[in-house]
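As a plain string of letters, each chain reads:
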Amino acid sequence: MSSAHQVNRPFGLGIELLNRIDYRLAETEADKDAIYRLRYRAYLNEAAIEPNPDQRVADRFDELPNSWVFGVYFEGVLASSIRISVASPEHPDTPSAAVFADVLQPLLAQGKVMIDPTRFVADPDRAERFPELPYVTLRLAYVATSYFNADVGLAAVRAEHQAFYRRFFMHRLWSPPRPFAGLLKPICLMAVDEPAVRDKVYERYPYLVSSAAEQRMLFTRSTEREHHAAPPDRVASPCLHP
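Residue positions are given per chain, counting from 1 as you read along its sequence in written order. For this predicted model, a pLDDT threshold of at least 70 governs which residues receive local features, and a threshold of 80 or more governs which side-chain atom pairs are given and counted, while totals over whole chains, interfaces and linings are taken from all residues. Computation of side-chain values: all heavy atoms of the structure, hydrogens and water removed.

Draft legend 1. Seen up close, the pairing of strand β8 (residues 187-193). The rule is simple: take the accessible area with a 1.4 Å probe, protein chains only, and divide by the maximum for that residue type; under 20% is buried, over 50% is exposed, in between is partly exposed. A run of DSSP states H or I qualifies as a helix once it reaches four residues; a run of E qualifies as a strand once it reaches two. Both are numbered from the N-terminal end. Counting buried residues in β8 gives 6 out of 7 residues, a clear majority hidden from the surface. When DSSP locates at least two bridges between a pair of strands, those strands are taken to pair. Pairing analysis gives 4 bridges linking strand β7 (residues 172-178) to β8, with the strands arranged antiparallel. Residue pairing across strands places arginine 178 opposite isoleucine 187, the latter belonging to β8.

Draft legend 2. Representation of helix α3 (residues 101-109) in the model. Among all positions in α3, only Leu104, Leu107 and Leu108 are buried. Along α3, the residues classed as buried sweep out an arc of 100 degrees about the axis, all on the same side. For α3, the exposed residues lying more than 90 degrees away from the buried face are Asp102 and Ala109. Contacts are assigned to residue pairs with any non-hydrogen atoms lying within 4.5 Å of each other. Here the buried face of α3 lies against β4 (77-87), α2 (95-99), β5 (114-122), β6 (152-157), β7 and β8. Note that the arc is defined by the directions from the helix axis to the C-beta atoms.

Draft legend 3. Geometry of the environment of alanine 79. Counting through the fold element by element, alanine 79 comes out in strand β4. Spatially, the C-alpha atoms of alanine 79 and isoleucine 21 are 9.2 Å apart, while their sequence positions differ by 58 residues. If we skip the residues at most four places from it in the chain, alanine 79 touches Leu38, Val72, Tyr73, Phe74, Ala122, Asp123, Arg126 and Leu133.

Draft legend 4. Local environment of unusual backbone geometry. The phi dihedral of glutamine 55 is positive, around 55 degrees, even though this residue is not glycine. For arginine 119, which is not glycine, the phi torsion reads 50 degrees and is therefore positive. As for its placement among the helices and strands, arginine 119 is situated in strand β5.

Draft legend 5. Molecular detail of the nonpolar core. Of all hydrophobic cores here, the largest spans 48 residues; its most connected members are Phe70, Ile84, Tyr165, Phe169 and Phe219. It is helix α5 (residues 133-147) that contributes the most residues to this core, 10 residues altogether. Beyond its immediate stretch of four places on either side in the chain, isoleucine 84 contacts Asn66, Ser67, Trp68, Phe70, Ile115, Asp116, Pro117, Leu140, Ala141, Ala144 and Phe219. Remark: nonpolar core denotes a set of buried residues (Ala, Val, Leu, Ile, Met, Phe, Trp, Tyr, Cys) joined through side-chain atoms within 4.5 Å. Within the second largest apolar cluster, 30 residues are counted, among which are Ile35, Leu78, Leu183 and Leu189.

Draft legend 6. Up close: the packing of aromatic side chains. In this scheme Phe, Tyr and Trp rings, the latter by its six-membered ring, pair at centre separations within 6.5 Å, and the angle between planes marks the pair as stacked below 30 degrees, edge-to-face above 60, and tilted otherwise. With the rule as written, the count across this model stands at 16 aromatic pairs. When the centroid spacing of 5.5 Å and the interplanar angle of 85 degrees are considered together, the rings of tyrosine 135 and phenylalanine 168 count as edge-to-face. Of this pair, tyrosine 135 sits in helix α5 while phenylalanine 168 sits in helix α6 (residues 162-169), and the two are 33 residues apart along the sequence. Phenylalanine 168 shares its class with tyrosine 135; the two are buried.

Draft legend 7. How the structure looks around the packing of α5 against helix α7 (residues 194-204). Two elements in contact, α5 and α7, have axes separated by 12 Å at closest approach and are oriented at 130 degrees. The orientation of α5 relative to α7 falls into the category oblique. Between α5 and α7 the crossing geometry is left-handed. Residue-level contacts link Tyr142, Thr145 and Ser146 of α5 to Glu194, Arg198, Val201 and Tyr202 of α7. Considering only residue class, the contact of α5 with α7 consists of 3 nonpolar, 2 polar and 2 charged. For helices, the fitted axis covers only the stretch in contact; all axes are lines through C-alpha atoms, and the angles between them, taken along N-to-C directions, range from 0 to 180 degrees. Oblique is the label for every angle not falling under 35 degrees (roughly parallel), over 145 degrees (roughly antiparallel), or within 65 to 115 degrees (roughly perpendicular). By definition, turning the near helix anticlockwise from the far helix through less than a right angle yields a left-handed crossing, and turning it clockwise yields a right-handed one. Residues were grouped as follows: Ala, Val, Leu, Ile, Met, Phe, Trp, Tyr, Cys and Pro as nonpolar; Asp, Glu, Lys and Arg as charged; and all remaining residues, including Gly, as polar.

Now the structure itself:
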């Protein structure tokens with residue numbers, strides 16, 4: 001479910017690159033529309049979808065209470081996007097849980113919490129000029145992993161992207177490719193035991209570390225701030241690593 005993996009070298013610029021990008025939770029119709037149109041351009045550029053007259057890509061998961069759609073803005077311009085869904089026994093409905101139900105439902109029945117990043121896309125005009133874009137975009141999945149104290153990190157990706165997730169983020173293949181509604185190319189399921197590898201990944205890529213303040217800022221909706229909503233039950237204590 002990704003079209004933003006034009007990367008073949010490790011991320012090496014350091015955390016200072018984060019000063020050039022902004023993460024923005026899409027809450028207005030204008031922001032959502034811009035992201036849905038970005039998805040369309042990115043998927044069409046990779047021949048991952050058929051053309052459609054609306055020139056937008058959206059689905060029911062975008063509006064679920066356990067999904068957060070983010071835009072990543074590079075120097076003020078929308079450059080990429082990712083949707084973070086959180087699968088839990090209370091909210092089991094996520095894109096990967098729907099496609100790979102036989103694999104993931106038993107884990108949900110055990111009470112596991114899983115971070116499910118999907119709709120990972122990058123502006124085709126910017127991806128080549130900003131090769132670190134996939135890394136700073138995927139960082140949002142790791143922010144979510146800490147905030148929701150997740151047990152498992154998922155990656156629903158095309159077969160040719162397996163090496164990227166295996167090499168950089170230590171994911172392992174959990175299911176061979178399956179069809180996904182709306183996409184022309186099948187996706188496979190990869191996953192990682194987050195508590196087992198988190199320290200290793202953070203040591204390798206310190207820019208993935210996030211503070212408790214950043215986690216709350218990104219995953220608290222404006223309506224929740226207005227009502228002083230409490231954070232989720234499974235929010236971890238601040239998880240800071242060297």
